[in-house]
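# Architecture and fold: a report
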Amino acid sequence: MRKAYISGICVMIDEGEDIKAAVFNEFGVSTLAFEYRKKKEKIKITQIIGAMNRWYVKRQLKKDLRNVMKQLPGNVVIENKKYELKYTFIPLSNDTSE
Amino acid sequence: MRHFLPFILTACMACALHAQHNAVTKEQAAIIREISAASAKIVSMESDFVQTKYITMLNDKLVSKGKIRFQQPDKLLWEYTTPYTYSFIINNNKIKIRNNNRTDIIDSNHNKVFKEISRLMMMTVRGNSLTDDKVFDVTVKSEKKAQGKGQEYQAILVPKRKEMKQLWNRLVLHFDVANKILSTIEMFEKNGDHTIIEMQHVVLNKAIDSNVFNVD
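Given the structure is predicted, the values throughout are model-derived calculations rather than measurements. (Residues numbered from 1 in each chain as written. Chains lettered and ligands numbered in written order. Predicted model: local features only at pLDDT ≥ 70, side-chain atom pairs only at ≥ 80, totals over all residues. Heavy atoms only, no water.)

## As for the overall build of chain A
This is how the line gets drawn: Under the scheme used here, helices are H or I runs from DSSP no shorter than 4 residues and strands are E runs no shorter than 2 residues, and both carry numbers assigned from the N terminus. Here's how the labels work: a residue is buried when its accessible area is under 20% of the maximum for its type, exposed when over 50%, partly exposed in between, all with a 1.4 Å probe on protein chains only. Residue contacts are counted whenever heavy atoms from the two residues lie within 4.5 Å of one another. All accessibility values rest on the Shrake-Rupley procedure with a 1.4 Å probe; residue burial counts only the protein chains present in the view.
Scanning chain A from N- to C-terminus turns up one helix and six strands. Counting from the amino terminus, chain A carries its helices and strands in the arrangement β-β-β-β-α-β-β. A total of 98 residues make up chain A; the buried ones form 36% of that total. If you take every contact in chain A between residues at least 6 apart in sequence, the share linking residues at least 24 apart comes to 17%. Here chain A displays about 6200 Å² of accessible surface, and carbon together with sulfur accounts for 47% of that area.

Set out below in structure tokens:
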């Protein structure tokens, strides 16, 4: 069994030059929020859950999320073998009726 | 006598304030007893729910719907049906997450976030979140319902444990006054996000197939 695991929903809003994203888990608890500057291909983490709020975690997260954002939309799987991290993004059906 | 009077007045005010504090506390204790007594009779629960998540950063909200099944003492199935299919099962310390074709099993003892969340969900559904003073500071009151129809009991829970404090500023539980059943859960996060979970069509103490809680 995994020791560290975050799963949930990632909601992204494309605002033209930037994409804003928020990740929250099954219970609705926010775990991560970030902005992606398309032109500069830079990630800015605006909010992160306490356990992950370490400078070295955020630094690596920014690098990995940049790679994720470059490959979206569609199914994205990124593996960071050095730190044994795996990111899996699976698009949900775009049901906006709610 | 001139010097005595301020002393007497101060003593009287102190007594009046003390008596008032006792009256409020007794009322709260009575409400908690009513809710706890009703919760103690719950062996199982099935419910539909509507979950609305207000996301401050995106200035938007996400509405999802699903079903809950609970079996005493420690089994919970939480299933989202729209706009996505997603479910997780808590069975003792094991958590099973199903998402499309993928299934993951987590030991909550090794995952602090899941451990605290599953603890909260179990305590809330079981009804002992109001009486475990090691976990929450609790204030209860009788209030008018938001829609203006009738009264409800509101319990405001402020986390005491460090792990829960990192997730929530406070939780507000709404109970129907007539049957003391949990009707709504509100979760207020430190970042300003706000989640509302409304229970609908609650069925109590109906037999539930234990296989639905299987995590193996």
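## As for the packing of aromatic side chains
Just so we agree on the cut-off: Each Phe, Tyr or Trp ring, with Trp reduced to its six-membered ring, pairs with another whose centre is within 6.5 Å; inter-plane angles below 30 degrees give stacked pairs, above 60 give edge-to-face pairs, and intermediate values give tilted ones. We count a charge as sitting over a ring when the NZ of a lysine or the CZ of an arginine lies within 6 Å of the ring centre and within 35 degrees of the ring normal.
Using the criterion set out here, one finds six aromatic pairs over all chains in the structure. Judged by centre distance (5.6 Å) and plane angle (85 degrees), the ring pair of A:Trp55 and A:Tyr56 falls under edge-to-face. Exposure remark for A:Trp55: the relative accessible area of 61% places this residue in the exposed category. Of the aromatic side chains, those joined through ring pairs into one cluster are B:Phe49, B:Trp78, B:Tyr80, B:Tyr84, B:Tyr86 and B:Phe88. The positively charged end of B:Arg170 is found above the aromatic ring belonging to B:Phe188, 3.8 Å away from the centroid.

## Notes on the environment of B:Thr85
Residues and elements named next belong to chain B. Note on placement: Thr-85 falls in the loop between strand 3 (75–82) and strand 4 (86–91). A relative accessible area of 48% places Thr-85 in the partly exposed class. Spatially, the C-alpha atom of Thr-85 lies 8.7 Å from that of Gly-66, the residues being 19 residues apart in sequence.

## Some points on unusual backbone geometry
Backbone phi values are negative for most residues with the exception of glycine, while trans is the configuration of most peptide bonds. The amide bond that connects A:Leu72 to the next residue, A:Pro73, takes the cis arrangement and shows omega of 0 degrees. Structurally, the position occupied by A:Pro73 is in the loop between helix 1 (55–71) and strand 5 (76–80). At A:Glu41, a residue that is not glycine, the phi angle is positive and equals roughly 55 degrees. Within the secondary structure layout, A:Glu41 lies in the loop between strand 3 (30–37) and strand 4 (42–48). For A:Glu41, a relative accessible area of 35% gives the class partly exposed. You will see that B:His201, though not glycine, has its phi angle at about 55 degrees, which is positive. As for its placement among the helices and strands, B:His201 is situated in strand 11 (residues 194–204).

## Side note on the side chain of A:Gln60
Mapped onto the fold, A:Gln60 is located in helix 1. Setting aside residues up to four positions removed in sequence, A:Gln60 forms contacts with A:Asn80, A:Tyr83 and A:Leu85.

## Some points on helix 1 of chain A
The line we're drawing: Each helix should span, by expectation, one fewer than its residue count multiplied by 1.5 Å.
In a regular helix each residue adds 1.5 Å, so 17 residues correspond to 24 Å; helix 1 of chain A covers 25 Å between its end C-alpha atoms and thus fits that length. Three or more residues of helix 1 of chain A are buried, namely A:Gln60, A:Leu61, A:Asp64, A:Leu65, A:Val68 and A:Met69.

## Here we look at the nonpolar core
Here is the rule we go by: In this description, a nonpolar core means a group of buried Ala, Val, Leu, Ile, Met, Phe, Trp, Tyr and Cys residues linked to one another through side-chain atoms lying within 4.5 Å.
Within the largest apolar cluster, 52 residues are counted, with the highest numbers of intra-cluster contacts made by B:Trp78 and B:Trp168. Those residues in contact with B:Trp168 that lie beyond four places of it in its chain are A:Val29, B:Ile117, B:Leu120, B:Pro159, B:Met187, B:Phe188, B:Glu189 and B:Lys190. With 17 residues, the next largest nonpolar core counts A:Phe34, A:Ile45, A:Val76 and A:Phe89 among its residues.

## Comments concerning the sheet that holds strand 2 (residues 60–71) of chain B
Residues and elements named next belong to chain B. The condition is simple: Strand pairing is assigned whenever DSSP detects at least two bridges linking the two strands. Whenever a helix is involved, its axis is fitted only over the stretch in contact; in every case the axis is a line through C-alpha atoms, and angles between N-to-C directions fall within 0 to 180 degrees.
Pairing is antiparallel across the open sheet formed by eleven strands, whose spatial order is 6-5-4-3-2-1-11-10-9-8-7. Either end of the sheet is taken by a strand with one partner, and the two such strands are strand 6 (102–107) and strand 7 (136–144). Within the sheet, the average angular offset between the axes of one strand and its neighbour, ignoring direction, is 20 degrees. Relative to strand 11, strand 10 (residues 182–189) is paired through five bridges, and the arrangement is antiparallel. Considered in strand 11, the bridge of Thr-184 is made with Glu-198.

## What about the pattern of salt bridges?
Counted only if it meets this: Put simply, a salt bridge is a Lys or Arg side-chain nitrogen that is within 4 Å of an Asp or Glu carboxyl oxygen.
Counting across every chain of the model gives 15 salt bridges over all chains. Between B:Arg69 and B:Glu46 there is a salt bridge, and its shortest N-O distance comes to 3.8 Å. Note that B:Arg69 is positioned in strand 2 and B:Glu46 in strand 1 (residues 44–55), a separation of 23 residues in sequence. Classification of B:Arg69 as partly exposed rests on a relative accessible area of 23%. Salt-bridge contacts for B:Glu143 lead to B:Lys141; the nearest nitrogen and oxygen are separated by 3.6 Å. Here the salt bridges share partners, and the residues they tie into one network are A:Asp18, A:Glu35 and A:Arg37.

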